[in-house]
Amino acid sequence: MSDVASATGAKLAERLQARTASVGVIGLGYVGLPLAAAAARAGFRTVGFDIDPQKPERLNRGESYIDAVAADELARLVAVGRFRATDDFAQLGECDVVVICVPTPLTRQREPDLSYVEATARTIALTLRAGQLVVLESTTYPGTTREIVKPLLEAGGLTSGRDFFLAFSPEREDPGNADFGTRSIPKVVAGDGPAAAQAVEAFYGAVVDRVVPVSTLDTAEAVKITENVFRAVNIALVNELKMVFDCMGIDVWEVIDAAKTKPFGYMPFYPGPGLGGHCIPIDPFYLTWKSREFDMPTRFIELAGEINLAMPRYVISRLEAALDARLGKSLGQARVLIVGLAYKKNVADVRESPTFKLMELLEKRGASVSFHDPHVPVIPPTREHAAFSGRRSTALTRESVLAHDAVLISTDHDDVDYALIAGNGEAPIVVDARNAFARRGLTGANIFKA
């Protein structure tokens, strides 16, 4: 470490420890807004940046659109001057720490789309100054920070590790998890050189309870990919077991409930209608793409992806069979009510929700489709499913249930009246892809598992 870098890094670390440094967070979604709120709670003057001007307007009024950040807490942070939001990216130069929390989706060919990261890095470069710490939190393949972000930031003439500091720290947000929040989830960090490592550890050490340093940027990026690959592969395994056991007349959920009583050597994962959220359906494909550079196949990951991507079609096949067996009606003639649009229960997050795929498949077959979700009154605009934008949730009443031929449970929200849907066997066909009815002791000849 050079004397200049050492002195600059030490000065920034001192300001971070004293909470006199200012923090900028780019991207005020499910990752960025909770982080910005956590930094503000920790005592930092925090500025949130977003290209959508409506978000800063709402946030500056103390209105939160993310469940993990309570509106009253946000309003307090705004009132005391700890947090404000803006769409003016020229103000990035005023921040001592700049954290990138932008999307990293896939293209239609299931290859990494780093356009948001690249555009953000170019924007930061316009105001980048000596002594700033820039942290990438967006999940990506190993090498992104070093190979993509670093050259874009250095294009203006400043050098990482000497003039400014570059780091990576993977986000670990879990929407709807009441047990773990931004502060209590350990934070993996790595810096581009010793001075950057010192700075990023000082920043997150002031914001979260535990910091876990690793040796390189690539290692930190690999940590998050590994976490999500682990989940994707195990979910694919139980999804495949569900289909195999169904052919044998065995209930996979009963099998899993019994297996998880073993106090060692087993961890329960549960099947479903497909994968949702930003991480598990997307991130493993970042690693499969990068691995081709090294002529290394990723057979487990790719097979898991194939199985998980096939689950919506499997669920539709179960619905089709139930309609034929009980009503003698084809899928194209059916009126279907899907319960649950969010990708997981008890949240409003619809990112990569398998329900969208279910809706697409049903409508392509000619079915009439509506949805009910107590957390999603209106379908928001999405990149991949723009045609569904603006559709409204159907109220869940006995009349609305009976107006459909089938009810398909895609997301098992707790605040849904499942007894009303079951209807003592008098209701339409119910196809349960989440085992929601059995868990509540609800049975009936009209209830089918998928």
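On a predicted model such as this, the values are computed, not experimentally measured, just so you know. (Residues numbered from 1 in each chain as written. Predicted model: local features only at pLDDT ≥ 70, side-chain atom pairs only at ≥ 80, totals over all residues. Heavy atoms only, no water.)

A. Spotlight on the sheet that holds strand E9 (residues 335–339). As summarised here, the arrangement of the 5 strands in space is E10-E9-E11-E12-E13, forming an open sheet in which the pairing is parallel. Whereas interior strands pair on both sides, the edge strands pair on one side only; in this sheet they are strand E10 (368–372) and strand E13 (447–449). The average angle at which neighbouring strand axes cross in this sheet is 20 degrees, direction not considered. Inspection of the sheet shows E9 paired to strand E11 (residues 406–409) by 4 bridges, in the parallel sense. Bridging across to E11, valine 336 finds its partner in alanine 406. Against the sheet, helix H12 (residues 354–364) touches E9, E10 and E11, its axis set at about 175 degrees to E9. (Pairing = 2+ DSSP bridges. Helix = DSSP H or I, 4+ residues; strand = E, 2+ residues; numbered from the N terminus. Axes fitted to C-alpha atoms, helices over the stretch in contact; angles between N-to-C directions. Contact = heavy atoms within 4.5 Å.)

B. View of H12. Of the positions making up H12, those classed as buried are Pro354, Thr355, Phe356, Leu358, Met359, Leu361 and Leu362. Of the surrounding secondary structure, the elements contacted by the buried residues of H12 are helix H11 (299–327), E9, E10 and E11. Two residues or fewer past H12, glycine 366 is found with a positive phi of approximately 100 degrees. (Buried < 20%, exposed > 50% of the residue type's maximum accessible area, 1.4 Å probe, protein only.)

C. Region of interest: helix H9 (residues 252–259). When H9 is considered as a whole, its buried residues turn out to be Val252, Trp253 and Ile256. Looking down the long axis of H9, one finds its buried residues gathered within 100 degrees of arc, a one-sided arrangement. On its buried side, H9 packs onto helix H8 (217–247), strand E12 (429–432) and E13. Sitting at the amino-terminal end of H9 is aspartate 251, which places a side-chain oxygen 2.9 Å from the backbone nitrogen of tryptophan 253. (Arc of directions from axis to C-beta. Polar contact = N/O pair within 3.5 Å; in protein donor to acceptor, adjacent residues only side chain to side chain.)

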